[in-house]
Each structure stands twice: as structure tokens, then as C-alpha cells.
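# Coordinates in review
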Amino acid sequence: MDFLQPPGWARPRGYSNGVAASGRLVCVSGMIGWDGQGVFHTDDFAGQVRQALQNVVEVLAEAGARPEHIVRMTWYVLDKKEYVGAYKEVGAAYREIIGAHYPAMTAVQVAGLVEDRARVEIEVTAVVP
């Protein structure tokens, strides 16, 4: 896996500008903050992020993939201010579950998610060498 950092560009914080990888492609659908049985345990943004990330890791494991194989993440959030306001808690959950691995990432504020209680949805692409 090669992390792409053009010369002279400021290093991004918490993500990479791009990633080049080769191997078995694993695509994970958008994961939200409910458990494997479809039950929400919190409406707290950071709590839902924690659960969504845990869900991502569990799906990756089914393909023999680990968090360090993630090359791309897309975060869909309902409220940018809620997301920014939870940076500290979100960062802690991310480092605990994903580790110090920062793939290419995009965060987008959306008008709504299919599940009414969902505050965030995270989809992932991984490449297992």
C-alpha cells in the first residue's frame, strides 16, 4: 500500500490524500450505528460512530481483512457541526478500533439517511495484499 503525498503539499491530518494498493478488493456497505441485530444503543453521534466502525471491522474480518487494509472511507453525516463538535470522541474511537491507519477519506453532509435514527453512515473499501 502506497500513501500518496504530492511533493510540497501540506500533510493532511487524520487521512491520506490518496492510496495505491493491489490485492483482493473488499467493499463494505455503509455501516450505521446499530449492532448486528439492527438495534441502536445510542443516539449520541460519537457512540454511533464507534458502533459503525466496529461493524466495519466485523464485516472486513469475514473477508480476512483488517483495518490496516482499508484504502478508502466515506463518511455521510447528517450535521457537520455535530461531526466537528465530536472530533475528540470520534478520534478516540477511530484510533481504538481502526488504529493509527489513515486511508483516503471523504466526509459529506447529507440531507438524510435511510434509517431515521442513524446520525452517520460509513462505507469502506479495503485491499488485502
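Rules used in this analysis
One numbering rule holds for all chains: residues counted from 1, following each sequence as written. In keeping with the model being predicted, local features are shown solely for residues with a pLDDT of at least 70 and side-chain atom pairs are shown and tallied solely at 80 or more, while totals for entire chains, interfaces and linings include all residues. Remark: hydrogens and water are excluded; side-chain values derive from all non-hydrogen atoms of the structure. In this analysis, rings of Phe, Tyr and Trp, with Trp reduced to its six-membered ring, are considered paired at centre separations within 6.5 Å, and the interplanar angle assigns stacked below 30 degrees, edge-to-face beyond 60, and tilted for intermediate values. Only DSSP runs of H or I with at least four residues qualify as helices, and only runs of E with at least two residues qualify as strands; both kinds are numbered from the N terminus onward. The rule is simple: take the accessible area with a 1.4 Å probe, protein chains only, and divide by the maximum for that residue type; under 20% is buried, over 50% is exposed, in between is partly exposed. For this document, the term salt bridge refers to a Lys or Arg side-chain nitrogen within 4 Å of an Asp or Glu carboxyl oxygen. Grid spacing is 1 Å over the protein atoms alone, the probe is 1.4 Å, and a cavity is where that probe fits but cannot get out, while a pocket is an open set with protein on both sides within 12 Å along at least five of seven lines and lining residues have an atom within 4 Å of a point. Grid points are joined across faces, edges and corners, and a volume is the space filled by probe spheres set on the points. Pairing between strands is defined by DSSP: at least two bridges between them are needed. As used here, the arc is the angular range of directions from the helix axis to the C-beta atoms. Residues count as neighbours in contact if any of their non-hydrogen atoms are within 4.5 Å of one another.

### Considering the packing of aromatic side chains
Under the counting rule described, the total for this entry stands at five aromatic pairs. Taken together, a centroid distance of 6.0 Å and an interplanar angle of 70° make the contact between Phe 45 and Tyr 83 edge-to-face. Of this pair, Phe 45 sits in helix 1 (residues 45-62) while Tyr 83 sits in helix 2 (residues 80-85), and the two are 38 residues apart along the sequence. Given the relative accessible area of 3%, Phe 45 is considered buried. Relative accessible area serves as the criterion here: at 17%, Tyr 83 is assigned to the buried category. Residues Trp 75 and Tyr 83 carry aromatic rings whose centres are separated by 6.0 Å and whose planes lie at 50° to one another, so their mutual orientation is tilted. Cluster of aromatic residues (ring-pair linked, three or more members): Phe 45, Trp 75, Tyr 83 and Tyr 87.

### As for the pattern of salt bridges
For the coordinates displayed, the defined rule picks out four salt bridges. The shortest N-O distance in the salt bridge between Glu 96 and Arg 50 comes to 3.0 Å. Placement of Glu 96 in helix 3 (residues 87-97) and of Arg 50 in helix 1 is noted, with a sequence separation of 46 residues between them. Its relative accessible area of 56% is what places Glu 96 among the exposed residues. For Arg 66, the salt bridge is made with Glu 68, and the minimal N-O distance between the two is 2.5 Å.

### Considerations on the layout of surface pockets
When its volume is computed, the largest pocket comes out at roughly 530 Å³. Together, 15 residues line the largest pocket, and Arg 13, Gly 14, Tyr 83, Tyr 87 and Gly 91 are the ones closest to its centre. In terms of residues, the lining of the largest pocket owes the most to one element, helix 3, which gives six residues.

### Thoughts on the pairing of strand 4 (residues 70-77)
With six of eight residues buried, strand 4 is to be regarded as a mostly interior element. One ladder, built from seven bridges, connects strand 4 with strand 6 (residues 120-128); its direction is antiparallel. Bridge assignment links Thr 74 to a residue of strand 6, and that residue is Glu 123. Taken together, the six bridges between strand 4 and strand 5 (residues 104-109) define a ladder with parallel strand orientation. When the sheet's bridge partners are listed, Val 77 is paired in strand 5 with Gln 109.

### Examining helix 3
Buried within helix 3 are the following residues: Val 90, Gly 91, Ala 93, Tyr 94 and Ile 97. The buried side chains of helix 3 occupy one side of the element, clustering within an arc of 165° when seen end-on. Away from its buried face by more than 90 degrees, helix 3 exposes Lys 88 and Glu 96. Here the buried face of helix 3 lies against helix 1, strand 4 and strand 5. Immediately downstream of helix 3, the backbone of Gly 99 shows phi near 100°, a positive value.

Take it as geometry only, folks, not as evidence of what the structure does.
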